[in-house]
Amino acid sequence: MKTRRIISVIAVLALFSPVTFTFAKEKGGGAGMSNYEKGNQLFGEKQYEPAVVEFTKAIEANPKQAAYYENRGFAYIPLEKAAEAVADFSKAIELAPNDLRGYVGRAQAYSLQKQYDLAIADLDKAITIKPDEASTYRLRGFADIGRNDFNAALADYSKAIEKNPSEAQSFERRGYANRSLRNYDAAIADYSKSLELSPQDSETWARRGYTYTFLGQYEKAIADYEQAIKLNPNDFDTPQRLLYAKSQLAQKNAPPAPTPAATPTPTPKSAINAMTIGIGLLVVVVIVIIGIMAARRRPVPVDEESTRIR
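My aim in this report is to walk through the structure given alongside it, one point at a time. (Residues numbered from 1 in each chain as written. Predicted model: local features only at pLDDT ≥ 70, side-chain atom pairs only at ≥ 80, totals over all residues. Heavy atoms only, no water.)

### With respect to the side chain of D235
In step 1: When you line up the elements, D235 lands in the loop between α13 (218–231) and α14 (237–253).
In step 2: A distance of 2.6 Å separates polar atoms of two side chains, one belonging to D235 and the other to T238. (Helix = DSSP H or I, 4+ residues; strand = E, 2+ residues; numbered from the N terminus. Polar contact = N/O pair within 3.5 Å; in protein donor to acceptor, adjacent residues only side chain to side chain.)

Here it is in structure tokens:
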């Protein structure tokens with residue numbers, strides 16, 4: 001079974017967006033502010049290309065405002081234009097080196113490019129700027145998973161949960177890290193908490209079901225898979241996993257096959273012939289012996305002198 005995608009555009013985008021933090025605004029408005037606000041509105045409506053156009057106009061009107069570059073960078077991410085996003089966030093960092101958003105935005109773009117070491121370096125910087133921001137630890141956990149460093153991911157998601165225990169995604173991703181480390185019971189607990197916070201997440205139902213299969217708890221796996229399919233009927237993978245769990249459960253519950261009776265091994269004809277000859281010879285020998293013994297006991301004719309007492 002293939003592991004599902006580690007980082008998707010939407011998952012990364014959910015960590016930080018133009019509406020996650022308070023925007024830097026010039027006092028009393030300023031050049032490009034109307035385009036900036038229009039871009040934010042379009043972004044909120046998921047109209048990313050028009051949002052890029054508005055942010056570009058804002059930058060042209062005021063190329064010294066870091067927030068304009070940051071928000072255009074965030075709009076580039078769902079368009080999968082990671083290189084353009086990196087350039088915008090780098091410019092924002094140049095203009096505002098102590099602004100958290102520039103580092104976390106560039107880290108997202110690096111993660112999309114699978115440059116996880118660079119992403120972690122930016123997130124380390126972001127954490128020094130604002131140590132209590134839970135989303136920063138969660139995003140670093142994504143990069144840890146990208147490097148297959150599941151112990152580091154476990155630590156980062158635990159930190160994110162400590163900072164914000166109401167975020168379902170942190171529990172779901174920590175569940176993935178635990179499952180990858182074969183901490184199956186801990187993974188089940190994390191997935192369950194994630195579903196408690198976000199019960200409509202079909203992928204988390206499917207992932208918990210998959211974890212139940214590792215524990216051989218096929219009844220629970222089947223129930224989770226069925227719920228995942230109910231929430232997302234267009235899911236392609238989960239129906240196949242459901243069939244697998246059902247087949248494993250049927251095999252587990254099947255009665256033991258009866259032990260077949262031992263079949264006598266037929267004696268080869270050559271062995272039968274040899275045995276017959278051997279028995280025949282034995283009979284002949286016995287008859288000969290009996291004849292000899294009988295001959296010894298038969299009275300021998302003697303003359304009268306031989307019976308006389310001496």
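### Describing the pattern of salt bridges
In step 1: Going through the model one piece at a time under the given rule, you end up with 17 salt bridges.
In step 2: Across the salt bridge formed by R147 and D117, the nearest N and O atoms sit 2.8 Å from each other. One end of the pair, R147, is in the loop between α8 (134–146) and α9 (150–163); the other, D117, is in helix α7 (residues 116–129), with 30 residues separating them in the sequence.
In step 3: Its salt-bridge partner being R140, residue D124 comes within 2.7 Å of it at the nearest N-O pair. Residue D124 is found in helix α7, and its partner R140 is found in helix α8; the two are separated by 16 residues along the sequence.
In step 4: Of the residues examined, R140 reaches a relative accessible area of 18% and is grouped as buried. (Salt bridge = Lys/Arg side-chain N within 4 Å of Asp/Glu carboxyl O. Buried < 20%, exposed > 50% of the residue type's maximum accessible area, 1.4 Å probe, protein only.)

### A word on the packing of helix α10 (residues 168–180) against helix α11 (residues 184–197)
In step 1: One way to put it is that α10 packs onto α11 with a least axis distance of 8 Å and a crossing angle of 165°. Between α10 and α11, the angle is such that the two are roughly antiparallel. The two elements α10 and α11 cross, and the hand of that crossing is left-handed. Facing α10, whose interface residues are A168, F171, E172, R174, G175, Y176, N178 and R179, α11 presents Y184, A186, A187, D190, Y191, K193, S194 and L197.
In step 2: Looking at the contact of α10 with α11 residue by residue, the classes come out as eight nonpolar, three polar and five charged. (Axes fitted to C-alpha atoms, helices over the stretch in contact; angles between N-to-C directions. Parallel < 35°, antiparallel > 145°, perpendicular 65-115°, else oblique. Left-handed = near helix turned anticlockwise from the far one by under 90°. Contact = heavy atoms within 4.5 Å. Nonpolar A, V, L, I, M, F, W, Y, C, P; charged D, E, K, R; others polar.)

### Considerations on helix α5 (residues 82–95)
In step 1: Across its 14 residues, α5 extends 20 Å between first and last C-alpha, which sits within 8% of the 20 Å expected from 1.5 Å per residue.
In step 2: Inspection of α5 places A82, A85, V86, D88, F89, A92 and I93 among the buried residues, and these make up the whole buried set. The buried residues of α5 all sit within an arc of 170° when viewed along its axis, so they share a single face. (Expected span 1.5 Å × (residues − 1). Arc of directions from axis to C-beta.)

### Observations concerning the side chain of D156
In step 1: Looking at the secondary structure, you find D156 in helix α9.
In step 2: With a relative accessible area of 6%, D156 lands in the buried category.
In step 3: Those residues in contact with D156 that lie beyond four places of it in its chain are Y137, R140, G141 and D144.

### Focus: the nonpolar core
In step 1: Counting 36 residues, the largest nonpolar core has Y36, F43, A51, Y68, A75 and A85 as the members making the most contacts within it.
In step 2: Looking at this core, the elements that each hand over two or more residues are α2 (33–44), α3 (48–61), α4 (66–76), α5, α6 (100–112), α7 and α8.
In step 3: It is α4 that provides the largest number of residues to this core, a total of seven residues.
In step 4: The next biggest cluster of nonpolar side chains, apart from the first, holds ten residues, and it includes I188, Y212, Y218 and L242. (Core = buried A, V, L, I, M, F, W, Y, C linked by side-chain atoms within 4.5 Å.)

Scope: geometric values only; no functional claims are made or implied.
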